[in-house]
Amino acid sequence: QVQLVESGGGLVQPGGSLRISCAASGRTFRSYGMGWFRQAPGKEREFVAAISGIRGDNSYYADSVKGRFTISRDNAKNSMYLQMNSLKPEDTAVYYCAASSRYINTVRERDYDYWGQGTKVTVSS
């Protein structure tokens, strides 16, 4: 069983930056494929970014965030991060951390087994 806890959300102005974090329990964190998803008000949850397990040397991004967001992981700290730059109002959403025990890297929501409770990010002036 893996528990995921997100942190770092908040209110930021358009064009600003924010880094959100995901802390994971469990000794096998390094082998899990990890991802970030988000759900905006009134919309379905969508893929944001993913990073491969073990070395984290492969990452994937939704087109809407490519070039602005960077996903990373620190296996020694059982943590994953999402650095968000040049934020836009349309980035406003609850951001969820997810872990997959079955896939070392995947962008599909159904492939993830464990989910955090989410952290809210609001981009507004």
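This text follows the structure it describes.
Fair warning: this is a prediction, and the values are worked out from it, not measured in the lab.

Conventions we followed
- Residues numbered from 1 in each chain as written.
- Predicted model: local features only at pLDDT ≥ 70, side-chain atom pairs only at ≥ 80, totals over all residues.
- Heavy atoms only, no water.
- Phe/Tyr/Trp six-rings, centres within 6.5 Å; stacked < 30°, edge-to-face > 60°.
- Helix = DSSP H or I, 4+ residues; strand = E, 2+ residues; numbered from the N terminus.
- Buried < 20%, exposed > 50% of the residue type's maximum accessible area, 1.4 Å probe, protein only.
- Lys NZ or Arg CZ within 6 Å of the ring centre and 35° of its normal.
- Pairing = 2+ DSSP bridges.
- Disulfide = S-S within 2.5 Å.

**Q** Can you walk me through the packing of aromatic side chains in this structure?
**A** Within the structure shown, the criterion is met by 5 aromatic pairs. Ring geometry for Phe37 and Tyr112: centres 5.3 Å apart, planes at 80 degrees, overall edge-to-face. Here Tyr112 lies in the loop between β9 (93–100) and β10 (114–115) and Phe37 lies in strand β4 (residues 33–39), a separation of 75 residues in the sequence. As far as burial versus exposure is concerned, Phe37 and Tyr112 are alike and both buried. Here the aromatic cluster, defined as three or more aromatic residues joined through ring pairs, consists of Phe37, Phe47, Tyr112 and Trp115. Positioned above the aromatic ring of Tyr81, the side-chain terminus of Arg19 is 4.2 Å from the ring centre. One cation-aromatic arrangement involves Arg45 over Tyr96; the distance from NZ or CZ to the ring centre is 5.1 Å.

**Q** Sorry, what's going on with the pairing of β9 here?
**A** Across a regular strand the side chains alternate sides, sitting on one face of the sheet and then on the other. Counted residue by residue, β9 has 7 buried out of 8 residues, so it is predominantly covered. Pairing of β4 with β9 involves 7 bridges; the strand directions are antiparallel. Paired with Gly33 across the two strands is Ser100, which belongs to β9. Judged from the 3 bridges that link them, β9 and strand β11 (residues 119–123) form a sheet pairing that is antiparallel. Pairing of Ala93 across the sheet is with Val121, part of β11. With 2 bridges joining them, β9 and β10 adopt antiparallel strand pairing. Bridged to Ala98 within β10 is Trp115.

**Q** I keep staring at the state of the cysteines and nothing clicks. Help me out?
**A** By definition, a disulfide links the sulfur atoms of two cysteines through a covalent bond. Counted by the stated rule, this structure contains 1 disulfide. The residue that forms a disulfide with Cys22 is Cys97, at a sulfur-sulfur distance of 1.9 Å. Across the S-S bond linking Cys22 and Cys97, the dihedral sits near -60 degrees, which makes this disulfide left-handed. Here the residue Cys22 occupies a position in strand β3 (residues 18–24), and Cys97 occupies one in strand β9, the gap between them amounting to 75 residues. Judged on exposure class, the residue Cys22 and its partner Cys97 are both buried.

Remember that the coordinates give geometry; whether it matters functionally is a separate question.
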